[in-house]
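Summary of the model geometry
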Amino acid sequence: MFKKKLYSFLLQKNPQSFSAILNPQSNYYIFKSLNHLASSNFGCCSKKELTKFNSDQEEIMKSMPNQISQPTLRNTKIREKYSEEFDRTPHCSGCSKCGDWKRDTPLMTIQEGVREALRCLKCNDAPCQQGCSTTIDIKTFIYNIQNKNWYGAAKVILSDNPLGLTCGQLCPISELCARNCNVSHTEQGPIKINRLQELAVRIFKEMGVPQIRDPSLKNLPPSYKTPIALIGAGPASLSCASFLGRLGYENIHIFEKNKHGGGITTHEIPENRAPIEEGLWEVEMVKQLGVKIHYGKQLGRDFSLEDLREQGFESVFLGIGLQQPNMATNDKTLAPSVKKAQNAKNFSDSKKFLNEVFKLVKLEGKPNEAPKLKGHVLVLGIGDTALDCARSAFRLGAERVSVAFRRGFQDMRANDEIFEPARMEGINFIPYSAPISYKLDESGEIITAVEFDKSLPQNNDHNNLKYKKTNQKYELPVDYVIQAFGCQLPDEEWIQKIKKSNNLVDVHYETGQTKAYEWLFVGGDAIGTKNLVDAVNDGKTASWYIHKYIQERNGYEVPKQPKLPGFFTAIDTVDLSTEIAGVRSEERR
């Protein structure tokens, strides 16, 4: 039927050409006939007609090539000038970052989040969950995002990690959950779990729904009114307080030396990595469980551990972190030079430097009043804190920033999530360089250079490389030096009773309980925890064993298998059951 209509149409349009096609003719005649037919019915086909333009079209088409391109001669300097003027690469010469405290990675949109969630295989064995420090049910929260159930996704996350928002921003997923992702070898790489987590919790934050205790916790015994003290309002303490509050404890007190809670996430990590609003929101979430926070109270200055015990606190959790900068006192070669250099005008340790940046940029929102740097800034160290210092130096005006460290790239401490942005910003990295002295000017107030000795591995065990100085010395001129050798516990008498020889608190790692006192529990940096998410898990773990310690002391039994209550809001109290024809269905969530 269709063929008949087509034949009829073509015959009406051009009977002569169409009849020629139907009759057996030479291939050439058939081609010419088809060409003529196409020209008459569907437009021109000849070269002349294709290039026939009116005056306006001629003007537009002047720059368009109408023949095969010929070899072009152009001086290299002309190309170099063009490349400099129209540089669109992600690399940075430093100065373009000056004053730019915007987030490194923009928040995922809802559409991007749903698409990313659809990539997830929702694996039965879920290697991502096994790699997560707080053991979040990752596949379930991603499934909820896939279905745009934002509250369901946030509930899953916050049930295991009360600091799910800041952890989503700062989690080193390349070392944790995404490390063994089953789609990591695809073109798009592993699932962006951290960004999905941040998106879900941020959307929940915007809902403005407060946290409540598990509604099923009723008629609890008097032991749940036992006073519990937590020292420091950092990630470990906030996590511990959250789970103790969820368990039903009503008399929880946090003592914080600063005016704001949040610990390192609010006071040291720069604004471009962790905006302060998120950290303070998580502090408020903890307070919604009835936890009381006392600001301006410092252990060793305003009270002691013995004072807390005398005031009736049955258990104490220590989450103070490592408060003092490491001034290389154990390095016999460098220590004397550090003692002289630390009073120089162009010297700072990482703690002092980042706290100044925090105060003016994050807290007061006055980045223009932050201390200005210029010239060459040298950062000593290669941890996350060192790179935070280096990247902040660019934003404070430094034209050139270098990071010198003793190790090689293979065994540096910094994770990929902060190292890669630092590399892309144009920071210079100088490996295998052990500082041995600071060179000061005649006044002794300005550091002019740092002397290094080449430090090279002396063995082939890539898991445990041993470094040794090789007496290959050189000097590096500097305008400003930031020493970021890590931090340590304060050198105070009460610390000596509970710490080990390696300057960390001595604890049973399975429970967080100190070996010196059964009522004292510790978590976070003070026991050697390496990242934020592990610190949250330390607090989570300690909460259960504090609960166990208190209940057993009061004559109550607790399950052998730990069972912590999840995250609840008023949304969970809504009756979702339905009644049809007098039959009520079960409420299912």
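Look up: the structure comes first, before these words.
Now for a description of the structure that goes with this document. Bear in mind that the values here come from a model prediction, so they are computed numbers and not experimental data. (Residues numbered from 1 in each chain as written. Predicted model: local features only at pLDDT ≥ 70, side-chain atom pairs only at ≥ 80, totals over all residues. Heavy atoms only, no water.)

1. Some points on the pattern of salt bridges
Here is the rule we go by: Every case where a carboxyl oxygen of Asp or Glu lies within 4 Å of a side-chain nitrogen of Lys or Arg is listed as a salt bridge. The way it works is that DSSP assigns letters per residue, a run of H or I at least four long becomes a helix, a run of E at least two long becomes a strand, and they are numbered from the N terminus. Relative accessible area decides the class of each residue, using a 1.4 Å probe on protein chains only: under 20% of the type maximum gives buried, over 50% gives exposed, and in between gives partly exposed.
The full count for this structure, using the stated rule, is 26 salt bridges. Put simply, Arg 103 and Glu 198 hold a salt bridge, and the shortest N to O gap is 2.6 Å. Taken as a pair, Arg 103 in the loop between helix 6 (76-85) and helix 7 (110-119) and Glu 198 in helix 12 (residues 193-207) lie far apart in primary sequence, 95 residues in all. Among the residues examined, Arg 103 registers a relative accessible area of 28% and is labelled partly exposed. Residues Arg 273 and Asp 388 are paired through a salt bridge, measuring 3.0 Å at the closest nitrogen-oxygen approach. Placement of the pair is Arg 273 in the loop between helix 14 (264-267) and helix 15 (276-287) and Asp 388 in helix 19 (residues 384-395), with a sequence separation of 115 residues. The same class applies to Arg 273 as to Asp 388, namely buried.

2. Details of the sheet that holds strand 7 (residues 347-349)
Basically, it comes down to this: By definition, two strands form a pair when at least two bridges between them are found by DSSP. Every axis corresponds to a line fitted to the C-alpha atoms, with the helix fit spanning only the stretch in contact, and the corresponding angles, defined between N-to-C directions, vary from 0 to 180 degrees. Working rule for contacts: check all heavy atoms of both residues, and any pair within 4.5 Å makes them a contact.
Taken in spatial order, the five strands line up as 7-14-8-9-10 in an open sheet, and their pairing is parallel. The sheet is open, and its two edges are formed by strand 7 and strand 10 (428-430), each paired on a single side. The sheet shows a mean angle of 20 degrees between the axes of neighbouring strands, taken without regard to direction. Relative to strand 10, strand 9 (residues 400-404) runs parallel, the two sharing three bridges. Looking at strand 10, one finds that Ser 402 is bridged to Asn 428. Contacting strand 8 (376-380), strand 9, strand 10 and strand 14 (480-483), helix 19 crosses the sheet at an angle of about 170 degrees to strand 9.

3. Examining the sheet that holds strand 11 (residues 433-440)
Strands belonging to one sheet form pairs held by backbone hydrogen bonds; the direction of such a pair is parallel or antiparallel. In space, the three strands of this open sheet follow the order 11-12-13, with antiparallel pairing throughout. With partners counted over all chains shown, the strands left at the sheet margins are strand 11 and strand 13 (467-477), one partner each. Between one strand and the next, the sheet's axes are offset by a mean angle of 20 degrees, whatever the strand orientation. Judged from the eight bridges that link them, strand 12 (residues 447-457) and strand 13 form a sheet pairing that is antiparallel.

4. Quick look at the packing of helix 13 (residues 235-247) against helix 22 (residues 532-553)
Just so we agree on the cut-off: Take the far helix as your reference; a near helix turned counterclockwise from it by less than a right angle gives a left-handed crossing, and one turned clockwise gives a right-handed crossing. Residues were grouped as follows: Ala, Val, Leu, Ile, Met, Phe, Trp, Tyr, Cys and Pro as nonpolar; Asp, Glu, Lys and Arg as charged; and all remaining residues, including Gly, as polar.
One can describe the packing of helix 13 onto helix 22 by two numbers: an axis separation of 7 Å at closest approach and a directional angle of 40 degrees. Between helix 13 and helix 22 lies a crossing whose hand is right-handed. Facing helix 13, whose interface residues are Pro 235, Ala 236, Ser 239, Cys 240, Phe 243, Leu 244 and Leu 247, helix 22 presents Leu 532, Ala 535, Val 536, Gly 539, Lys 540, Ala 542, Ser 543, Trp 544, Ile 546 and His 547. Of the residues in the contact of helix 13 with helix 22, the class split is twelve nonpolar, four polar and one charged.

5. Side note on helix 10 (residues 150-160)
Residues separated by three or four positions in an α-helix point in the same direction, a consequence of the helix having 3.6 residues per turn. With respect to burial, helix 10 is a largely interior element, nine of its eleven residues being buried. Considered for burial, the residues of helix 10 that qualify are Trp 150, Tyr 151, Gly 152, Ala 153, Ala 154, Val 156, Ile 157, Leu 158 and Ser 159.

6. So, the side chain of Thr 134
Relative to the elements of secondary structure, Thr 134 occurs in the loop between helix 8 (127-131) and helix 9 (138-146). Residue classification places Thr 134 among the buried residues on the basis of a relative accessible area of 0%. Not counting residues within four places of it along the chain, the set of residues in contact with Thr 134 comprises Asp 160, Asn 161, Val 533, Val 536, Asn 537 and Lys 540.

7. Regarding the layout of surface pockets
Over the atoms rolls a probe the size of a water molecule, and its path tells where empty space is left. Rules: Lining residues are those with an atom within 4 Å of a point, where the points come from a 1 Å grid over the protein atoms alone and group into cavities, where a 1.4 Å probe fits but cannot get out, or pockets, open sets with protein on both sides within 12 Å along at least five of seven lines. Grid points are joined across faces, edges and corners, and a volume is the space filled by probe spheres set on the points.
Its volume calculated, the second largest pocket comes out at about 570 Å³. For the lining of the second largest pocket, the per-class residue count stands at eight nonpolar, eight polar and eight charged.

8. Side note on the nonpolar core
A general tendency of soluble globular proteins is for nonpolar side chains to be buried together. Selection rule: By convention a nonpolar core is built from buried Ala, Val, Leu, Ile, Met, Phe, Trp, Tyr and Cys residues, the set being connected through side-chain atoms within 4.5 Å.
In this structure, Ile 138, Phe 141, Ile 231 and Leu 318 are the most contacted members of the largest nonpolar core, which totals 94 residues. Leave out the neighbours within four places in its chain, and Leu 318 touches Ile 231, Leu 299, Trp 494, Ile 498, Leu 520, Phe 521, Val 522 and Gly 523. Formed by 32 residues, the second largest nonpolar core is a distinct cluster that contains Ala 390, Ala 393, Met 412 and Phe 429.

9. Things to note about a nonpolar patch on the surface
Just so we agree on the cut-off: Patch membership needs two things, relative accessible area over 30% and no salt bridge, and members are linked within 9 Å if like-charged or within 5 Å if nonpolar (Val, Leu, Ile, Met, Phe, Trp, Tyr). Here the Shrake-Rupley method, with its probe set to 1.4 Å, supplies the accessible areas, and only the displayed protein chains count as covering residues.
On the surface, Ile 60, Met 61 and Met 64 cluster together into a nonpolar patch covering about 300 Å² of accessible area. Among the structural elements, Ile 60 can be located in helix 5 (residues 55-61).

10. Things to note about the environment of Pro 490
Here Pro 490 is to be found in the loop between strand 15 (487-488) and helix 21 (493-496). When the C-alpha atoms of Pro 490 and Asn 503 are compared, they prove to be 9.4 Å apart, with 13 residues separating the residues in sequence. In this view, Pro 490 contacts Gln 323, Gln 324 and Ile 495; residues no more than four positions away in its chain are not counted.

Coordinates in, geometry out; function isn't part of it.
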